[in-house]
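Observations on the three-dimensional arrangement
So you can see what is in the structure, the chains are spelled out below.
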Amino acid sequence: MESLLLMVAMIAVFYFLIIRPENKRKKQAEQMRSSLKKGDRVTTIGGMVGKIVQVNDSTIVFETSEDRVRIEVTKWAVQSTGAMEQAAAQKSGKKADKVEEKVEETPTVEEKATETVEAPAAEEKPSYDPEIK
């Protein structure tokens with residue numbers, strides 16, 4: 001009976017820590033890819049960045065530069081959009097502000113060392129080696 005209970009608990013842990021978050025990420029990515037529209041800035045899995053000029057059923061065409069270089073890729077190759085990147089930058093900016101506040105509150109290791117331990121002037125100690133005087 002205990003082994004059955006332990007097995008059920010392990011399956012529940014795997015579901016809530018691994019399977020469920022992965023399904024949420026997949027669903028969010030699919031929703032993002034289905035909502036692509038003309039004018040959005042996208043970044044592909046390969047790292048190419050551009051602005052969408054045409055959206056088809058399973059592909060998109062985007063321009064990568066001012067030279068109007070157009071590239072057609074499948075929708076699943078889109079990693080993120082400009083809106084997602086801006087949201088991520090705002091979140092990381094808030095986290096960076098919190099970290100900076102925390103850093104300002106706590107003194108650094110060097111400051112602690114200078115405040116607590118001040119070494120006296122170095123005195124010449126006698127040598128225990130009879131050859132050195």
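Now for a look at the structure at hand. What you see is a predicted model, and the numbers here were worked out from it, not measured in a lab. Starting afresh in each chain, residues are numbered from 1 along the sequence in its written order. Whole-chain, interface and lining totals are the exception, using all residues; otherwise, since this is a predicted model, local features are given only for residues with pLDDT of at least 70 and side-chain atom pairs are given and counted only at 80 or more. Here the side-chain values reflect all heavy atoms present in the structure, with hydrogen atoms and water set aside.

1. A few points about the overall build of the chain
- Elements are defined by DSSP. Helices are runs of H or I of four residues or more, strands are runs of E of two residues or more, and each kind is numbered from the N terminus. A tally of regular secondary structure across the chain gives three helices and five strands.
- The helix and strand sequence of the chain, counted from the amino end, reads α-β-β-β-β-β-α-α.
- For the chain, buried positions account for 17% of its 133 residues.
- Surface accessibility in these figures is a Shrake-Rupley result with a 1.4 Å probe; residues are shielded only by whichever protein chains are displayed. Carbon and sulfur atoms make up 57% of the accessible area of the chain, which amounts to about 11,800 Å² in all. Buried means the residue's accessible area, taken with a 1.4 Å probe over protein chains only, is under 20% of the maximum for its type, while exposed means over 50%, and partly exposed covers the values in between.

2. Overview of helix 1 (residues 2-34)
- Over its 33 residues, helix 1 runs 46 Å from end to end, which matches the ideal 48 Å to within 8%, given 1.5 Å per residue.
- We define the bend at any residue as the angle between the axes fitted to the seven residues before and including it, ending there, and the seven starting there. For helix 1, the principal kink sits at Tyr15 and spans about 40°. One less than the residue count of a helix, multiplied by 1.5 Å, gives the span that helix is expected to have.

3. Section: unusual backbone geometry
- If you check the backbone angles, Arg68 has positive phi at about 60° while not being a glycine.
- Here Arg68 shows up in the loop between strand 3 (59-63) and strand 4 (70-74).
- Given the relative accessible area of 59%, Arg68 is considered exposed.

4. Quick look at the pairing of strand 2 (residues 49-55)
- Sheet topology note: the strand 1 (residues 41-44)/strand 2 ladder contains three bridges and is antiparallel. Of the residues in strand 2, the one forming a bridge with Arg41 is Lys51.
- Here, any two strands with at least 2 DSSP bridges between them count as paired. As paired strands, strand 2 and strand 3 are joined by four bridges and run antiparallel to one another. In the sheet register, Gln54 faces strand 3, and the bridge partner there is Val61.
- The antiparallel pairing of strand 2 with strand 3 creates a hairpin that spans three residues between the two strands.

5. Considering the sheet that holds strand 4
- Strand order in this open sheet of five strands is 4-3-2-1-5, and the pairing throughout is antiparallel. At either margin of the open sheet sits one strand with a lone partner, and together these are strand 4 and strand 5 (78-81). Averaged over all pairs of adjacent strands, the angle between strand axes in this sheet comes to 45°, irrespective of strand direction.
- As paired elements, strand 1 and strand 5 share three bridges and run antiparallel to each other. Within the sheet, the bridge partner assigned to Thr43 lies in strand 5 and is Ser80. Interaxial angles span 0 to 180 degrees and are taken between N-to-C directions of axes, which are lines fitted to C-alpha atoms, for helices over the stretch in contact.

6. Here's the deal with a nonpolar patch on the surface
- Patches here are clusters of residues that have more than 30% relative accessible area and form no salt bridge, with a 9 Å joining cutoff for like charges and a 5 Å cutoff for nonpolar side chains (Val, Leu, Ile, Met, Phe, Trp, Tyr). Note on definitions: salt bridges are taken to be side-chain nitrogens of Lys or Arg within 4 Å of carboxyl oxygens of Asp or Glu. Where nonpolar side chains cluster on the molecular surface, the patch consists of Leu6, Met10, Val13, Phe14, Tyr15, Phe16, Leu17, Ile18 and Ile19 and spans about 920 Å² of accessible area.
- Classification of Phe16 as exposed rests on a relative accessible area of 51%.

7. Considering the side chain of Thr59
- Here Thr59 is to be found in strand 3.
- A 3.5 Å cut-off defines polar contacts: any pair of N or O atoms within that distance qualifies, except that in protein one atom must be a possible hydrogen donor and the other a possible acceptor, and neighbouring residues in sequence count only when both atoms are side-chain atoms. Polar side-chain contacts of Thr59 include one of 3.1 Å to the side chain of Glu72.

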